[in-house]
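Residue-level structure breakdown
Take a look at the letters that make up each chain.
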Amino acid sequence: MKSQKLEKLLNTMRIIKEGYTVRVPLPEECGYLGYSVKCTYKYDKIIGKYYLSMWLSREDIDDDFRIDAQEIDAQYIRGTRRTINNNIKRIVANASLSNYFDNYIKRFEYTYDCFECGNDFLQKKDIGE
């Protein structure tokens, strides 16, 4: 069952290349409408694997939220120049299916809600209300 969902996600997900960074829009069917994950990767010749960093983005906000869990942020992954994008897409798809991004999205939205409240407060203070 999970493997069928994974294959379906892999077939529908797309990758947007930005140099050594790719952006993977998160699947709507997992409840992540408007979110994407920016994945930066760099080949480590000594270890023989790619180092992968992930950042959460929301389409309507020009800012990134670092996914700072060690098991993803500091992850070394296998791949070649030909396979690295598909390997990254597979990691994001599996994380989506396991609801891995849920807590990060909640923290992301909470941070921006706090910013909005603080911004409203400061604007009222400046106006003298």
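Here is what the cut-offs are and how they apply
- Residues numbered from 1 in each chain as written.
- Predicted model: local features only at pLDDT ≥ 70, side-chain atom pairs only at ≥ 80, totals over all residues.
- Heavy atoms only, no water.
- Helix = DSSP H or I, 4+ residues; strand = E, 2+ residues; numbered from the N terminus.
- Buried < 20%, exposed > 50% of the residue type's maximum accessible area, 1.4 Å probe, protein only.
- Contact = heavy atoms within 4.5 Å.
- Areas by Shrake-Rupley, 256 points an atom, 1.4 Å probe, with all protein chains shown as cover.
- pLDDT = per-residue confidence, 0-100.
- Core = buried A, V, L, I, M, F, W, Y, C linked by side-chain atoms within 4.5 Å.
- Polar contact = N/O pair within 3.5 Å; in protein donor to acceptor, adjacent residues only side chain to side chain.

**Re the overall build of the protein chain**
Scanning the protein chain for helices and strands turns up four helices and six strands. Counting all 129 residues of the protein chain, 36% fall into the buried class. Nonlocal contacts in the protein chain, meaning residues at least 24 apart in sequence, comprise 47% of its contacts between residues at least 6 apart. In the structure as shown, the protein chain presents an accessible area of about 8800 Å², 49% of it carried by carbon and sulfur atoms.

**Structural notes on the side chain of Lys89**
Following the sequence through the fold, Lys89 ends up in helix 3 (residues 84-97). If sequence neighbours within four positions are ignored, Lys89 has contacts with Leu10, Met13 and Ile15.

**Description of the confidence of the model for the protein chain**
This prediction gives the protein chain a mean pLDDT of 83; 87% of its residues lie at or above 70. Within the protein chain, helix 3 carries the highest mean pLDDT (93), whereas helix 2 (residues 70-73) carries the lowest (41). Predicted confidence for residues 68-72 stays below pLDDT 50, and this span has eleven contacts to residues more than four positions away or in other chains.

**Details of the nonpolar core**
Membership of the largest hydrophobic core comes to 31 residues, with the highest contact counts inside it found for Leu26, Cys39, Leu52, Leu56, Ile88, Val92 and Phe101. For this core, the secondary structure elements donating two or more residues are helix 1 (2-12), strand 2 (21-25), strand 3 (35-44), strand 4 (49-58), helix 3 and helix 4 (102-127). It is helix 3 that contributes the most residues to this core, six residues altogether.

**Observations regarding the environment of Thr83**
Along the polypeptide, Thr83 turns up in the loop between strand 6 (75-77) and helix 3. Judged by its relative accessible area of 32%, Thr83 falls in the partly exposed class. Within the local environment of Thr83, its side chain forms a polar contact with the backbone nitrogen of Thr80, the two atoms lying 2.8 Å apart.

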